[in-house]
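# Observations on chain architecture
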Amino acid sequence: MRVILPCLAKLNLSLRVINKRTDGYHNIVSAFIGINSGDVLYISESNSRADVVTCNLHIQGENIVAKALRIAREEGFKIPYFNIKIHKSIPPGSGLGAGSGNAAAVLQWLGAERLAPKVGADVAFLCSGMKTAIVSGIGDRIEKVNAQDVHGVIAIPNWETNTKTAYAELDSMGYDVDIMLARKELIDVYHANASAGKKIGLLPNDFLKVLLRTHPKYNELFRIFQNANAEAWGVTGSGSAVFGLMSRPAILKWPEYIKHVLYF
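We now turn to the structure provided with this report. These numbers come from a predicted model, not from an experiment.

## Some words on the overall build of the protein
For the protein, the count of helices and strands is eight helices and 11 strands. Along the first, second and third principal axes, the C-alpha atoms of the protein reach 55 × 40 × 35 Å. Taking all 264 residues of the protein together, the buried fraction comes to 51%. For the protein, the share of sequence-separated contacts (at least 6 apart) that also reach a separation of at least 24 residues comes to 72%. Accessible area of the protein: about 12900 Å², with a carbon and sulfur share of 51%.

## Details of the side chain of T236
Within the secondary structure, T236 is located in the loop between β9 (232–235) and β10 (242–245). What makes T236 buried here is its relative accessible area of 0%. One polar contact links the side chain of T236 to the main-chain amide nitrogen of N12, over a distance of 3.0 Å. Dropping the residues within four chain positions of it, T236 is found in contact with K10, L11, N12, S94, G95, L96, N205, A241 and F243.

## Things to note about the environment of C7
Tracing the sequence through the fold places C7 in strand β1 (residues 3–20). With 64 residues separating them in the primary sequence, C7 and I71 have C-alpha atoms 20 Å apart. Aside from chain neighbours lying at most four places away, what touches C7 is N36, S37, G38, D39, L41, G101, N102 and A105.

## Regarding the pattern of salt bridges
All chains considered together, the criterion is met by 10 salt bridges. The closest approach of N and O atoms between R16 and D206, which form a salt bridge, is 2.6 Å. Here the residue R16 occupies a position in strand β1, and D206 occupies one in the loop between β8 (201–202) and α7 (208–214), the gap between them amounting to 190 residues. Overall, the relative accessible area of 16% leaves R16 in the buried class.

## Concerning the sheet that holds β8
The five strands are arranged β8-β9-β10-β7-β11 in an open sheet whose pairing can be described as mixed. The sheet is open, and its two borders are formed by β8 and β11 (258–263), each paired with just one other strand. Pairing between strand β7 (residues 152–157) and β11: five bridges, direction antiparallel. Looking at β11, one finds that A155 is bridged to V261.

## Some points on helix α1 (residues 64–74)
Those residues of α1 not exposed but buried are V65, A68, L69, I71 and A72. Seen end-on, α1 carries its buried residues on one side only, within an arc spanning 165°. Its buried side turned inward, α1 meets β3 (52–55), β4 (82–87), α2 (98–110) and α3 (116–119). Capping the start of α1, N63 holds a side-chain oxygen 2.8 Å from the backbone nitrogen of V65, two or three residues further along. Where α1 ends, the next residue or the one after it, G76, has phi of about 100°, a positive value.

## Here we look at the state of the cysteines
Summed over all chains, the structure comprises zero disulfides. The thiol sulfur of C7 is not disulfide-bonded, and the nearest other cysteine sulfur, from C55, lies at 10 Å. By relative accessible area, which is 26% here, C55 ends up partly exposed.

## Examining the packing of aromatic side chains
Applying the stated criterion across every chain, the model contains seven aromatic pairs. On the basis of an interplanar angle of 80° and a centroid distance of 4.9 Å, the ring pair of Y167 and F207 is categorised as edge-to-face. In this pair, Y167 sits in helix α5 (residues 163–173) while F207 sits in the loop between β8 and α7, placing the two residues 40 residues apart along the sequence. Here Y167 and F207 have matching classes, each one buried. Three or more aromatic residues joined by ring pairs make a cluster, and in this case those are W159, Y218, F222 and Y257. Over the face of the ring belonging to F32 we find K10, whose NZ or CZ atom lies 5.6 Å from the ring centre.

The rules behind these values
Residues numbered from 1 in each chain as written. Predicted model: local features only at pLDDT ≥ 70, side-chain atom pairs only at ≥ 80, totals over all residues. Heavy atoms only, no water. Helix = DSSP H or I, 4+ residues; strand = E, 2+ residues; numbered from the N terminus. Buried < 20%, exposed > 50% of the residue type's maximum accessible area, 1.4 Å probe, protein only. Contact = heavy atoms within 4.5 Å. Areas by Shrake-Rupley, 256 points an atom, 1.4 Å probe, with all protein chains shown as cover. Polar contact = N/O pair within 3.5 Å; in protein donor to acceptor, adjacent residues only side chain to side chain. Salt bridge = Lys/Arg side-chain N within 4 Å of Asp/Glu carboxyl O. Pairing = 2+ DSSP bridges. Arc of directions from axis to C-beta. Disulfide = S-S within 2.5 Å. Phe/Tyr/Trp six-rings, centres within 6.5 Å; stacked < 30°, edge-to-face > 60°. Lys NZ or Arg CZ within 6 Å of the ring centre and 35° of its normal.

Take it as geometry only, folks, not as evidence of what the structure does.
Okay, here's the thing in structure tokens:
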């Protein structure tokens, strides 16, 4: 028997980094929405004494799905070993948390959602079943928000972003937004989005000042959304993907360095 699990990803409508903690992690405040990623897991029981996790794209280090299974066993879940094939539509380093969505799908299937914070920062939200939320702390504090569904398009360029490196660069530049201002800002984003057709423009993301140093082409991508009459646009996570919120789907003309386009 084979189990087929679809997976979610997340989009950061806004993202503020408040400070670096003494444990090395960072406190954030972000407006999250859940989207379908197009990633799919194919799971069957293994005859060996180890999980076999394969993927159609190269993943550095321990695959987060394998990590989720390892932690589940360490926490006392009596589960067999599995063969898992991951078919990814979203490449690593895009800022969409698609890998976390893969892990969340496995944890939900196992009934092990409580382990999400141990597996990864975005996994808790993707296990929560919430469509929209205010996410803070290190991604472990999730507050449900009743917000209008958003639709739009995501463009993924041919470069990846290393989140650890991006945080290190941001640390060197410093932080200028406190938690209360960040919360008010993202609530305003949600409220503005509830007004259909209202122009918001560029959404706040602290990583953008880091990304523009290396990839000024982001400004070109933002102009594409602006010229297409998008309500808002921005970068998700620490990049590399950009997105535009659009009440009506549109076929846009992209530069050659855009390798994937996802509608949500």
